[in-house]
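Topology and contacts: notes
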Amino acid sequence: MRIRATVAAVSALSGALALSAVAAPAAQADESATSVASYRAAVAKIRQAAQAESGSERAGARYDLDVTFSNFKIAKAIKVGTTNHVATTVTYTLTHGADVDIKAADFITDPIIYRGSFASPDSRLYGNKPAKCTATSATTADCKGTIDVYPGAHELINSNAGTWRAAAEATAFNGQDPAGEEFDQSKVGYANKDGLGTTLMQRFSKLTVDASPEPVKKNKTITITGKLSRANWDRGTYNGYVEQPVQLQFRKKNSDTYSTVKTIKTNATGNLKTTVKAAQDGYFRYVFAGTTTTPAVNATGDFVDVQ
């Protein structure tokens, strides 16, 4: 199971929040970062308690927070390479009871994406910071957060590519200090909702093309090579995407429109190679339509001067 558990992320989160608070004195920034990290760690514990059951009584003794979630929106796909941090914006509507103070400093709500079941996920990802909510009425708010992915930190493996489900949660600490010796979890409210939507986690793709010779005489053979590769999250490299259909397209000089010449497949290393007869000046490119695990990509056109 690969989960960016809140407890395990405390140090990294503290650092990230400290950096975002550079305008504040160092001691104040550290205190703020530690505080939020502590709350996030507590949220993880409360989530686990909420999902655990012992007979008819749920462990942890937290109470059900009067909060529901709707209008959850997330990108259709999240394209992740091998090193760069990827942040995807998520929005949703939070509806709450009149006794829930969403403006309290210790009220936290988050969007989450997960693989498997929400109660026992194979993988789970969320944002570096809690979502920000803006009240639209006395009992509703528009919330905006992020899903942050760090492939360089090995948060993903290749088998994670594909469909992820979305959820949201909210926690009201009501003045309880998670780091305090007298932390009373029974005074903490918690609510969640899974199955709010889906997104595709995709392995970022690259596609190249090279047409030669350049220039070439009319009616002579042009050889067009290229390679389709995608992120390998297991190794932190890009490797060929094998046995995939790719279109060879051509655009006449001074035209904006490409037309498909033929479709070929990548070989056992992701390489492409085919030939055509030189007819007129123009650009050749390869086009990959994409799969659920790998996004579509177009190679930059390569110009051939036909003489």
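Throughout this description, residue numbers start from 1 for each chain and increase along the sequence as written. It should be noted that, the model being predicted, local features are given only for residues of pLDDT at least 70 and side-chain atom pairs only at 80 or more, the latter also being counted only at that level, while totals for whole chains, interfaces and linings use all residues. Working from all heavy atoms in the structure, the side-chain values ignore hydrogens and water.

1. Thoughts on the nonpolar core
Residues Ile113 and Met201 are the most contacted members of the largest nonpolar core, which totals 33 residues. Under the DSSP-based scheme used, a helix requires at least four consecutive residues in state H or I and a strand at least two consecutive residues in state E, with every element numbered from the N terminus. Those elements giving two or more residues to this core turn out to be β5 (67-73), β6 (77-80), β7 (86-96), β8 (107-116), β11 (140-149), β12 (162-172) and β13 (189-203). Counting residues per element, this core draws most heavily on β12, at five residues. In these notes, a set of buried Ala, Val, Leu, Ile, Met, Phe, Trp, Tyr and Cys residues joined through side-chain atoms within 4.5 Å is what counts as a nonpolar core. Exposure classes here rest on a 1.4 Å probe applied to the protein chains alone. A residue is buried below 20% of its type maximum, exposed above 50%, and partly exposed in between. Listed in part, the 22 residues of the second largest apolar core include Leu207, Leu228, Leu272 and Phe288.

2. Let's talk about the pairing of β6
Along β6, the buried face is formed by Ile78 and Val80; none of Ala77 and Lys79, which line the opposite face, is buried. For two strands to be treated as a pair, DSSP must find no fewer than two bridges joining them. Judged from the four bridges that link them, β6 and β13 form a sheet pairing that is parallel. Note that in β13 the partner of alanine 77 across the bridge is leucine 200.

3. Thoughts on the sheet that holds β11
Strand order in this open sheet of four strands is β5-β7-β11-β10, and the pairing throughout is antiparallel. At either end of the open sheet lies a strand with only one pairing partner, and these are β5 and β10 (132-135). Direction aside, the axes of adjacent strands within the sheet are offset by 25° on average. Strand direction decides the pairing type here: β10 and β11, joined by four bridges, are antiparallel. In the sheet register, threonine 134 faces β11, and the bridge partner there is aspartate 142. Helix axes are fitted to C-alpha atoms over the stretch in contact, other axes to C-alpha atoms as well, and angles between N-to-C directions run from 0 to 180 degrees.

4. Digging into the environment of threonine 68
Tracing the backbone through its elements, the reader meets threonine 68 in strand β5. Residue threonine 68 is classed as partly exposed on the basis of its relative accessible area of 45%. Considered as a pair, threonine 68 and alanine 168 are 100 residues apart in the sequence and their alpha carbons are 9.0 Å apart.

5. Quick notes on the pattern of salt bridges
By convention in these notes, a salt bridge is any Lys or Arg side-chain nitrogen within 4 Å of a carboxyl oxygen on Asp or Glu. On inspection of all chains with the given rule, the structure shows one salt bridge. Across the pair arginine 62 and aspartate 64 runs a salt bridge whose closest N-O atoms are separated by 2.5 Å. For arginine 62, a relative accessible area of 11% puts it in the buried group.

6. Comments concerning the state of the cysteines
For this text, the term disulfide refers to a pair of cysteine sulfurs within 2.5 Å. Using the criterion set out here, one finds one disulfide in the structure. Shown here is the disulfide that connects cysteine 133 with cysteine 143, its sulfur atoms set 2.1 Å apart. Measuring the twist about the S-S bond at about 105°, one finds the cysteine 133-cysteine 143 disulfide to be right-handed. With cysteine 133 in strand β10 and cysteine 143 in strand β11, this pair connects stretches of sequence that are 10 residues apart. The exposure class of cysteine 133 is partly exposed, given its relative accessible area of 27%. Owing to a relative accessible area of 2%, cysteine 143 belongs among the buried residues under this scheme.

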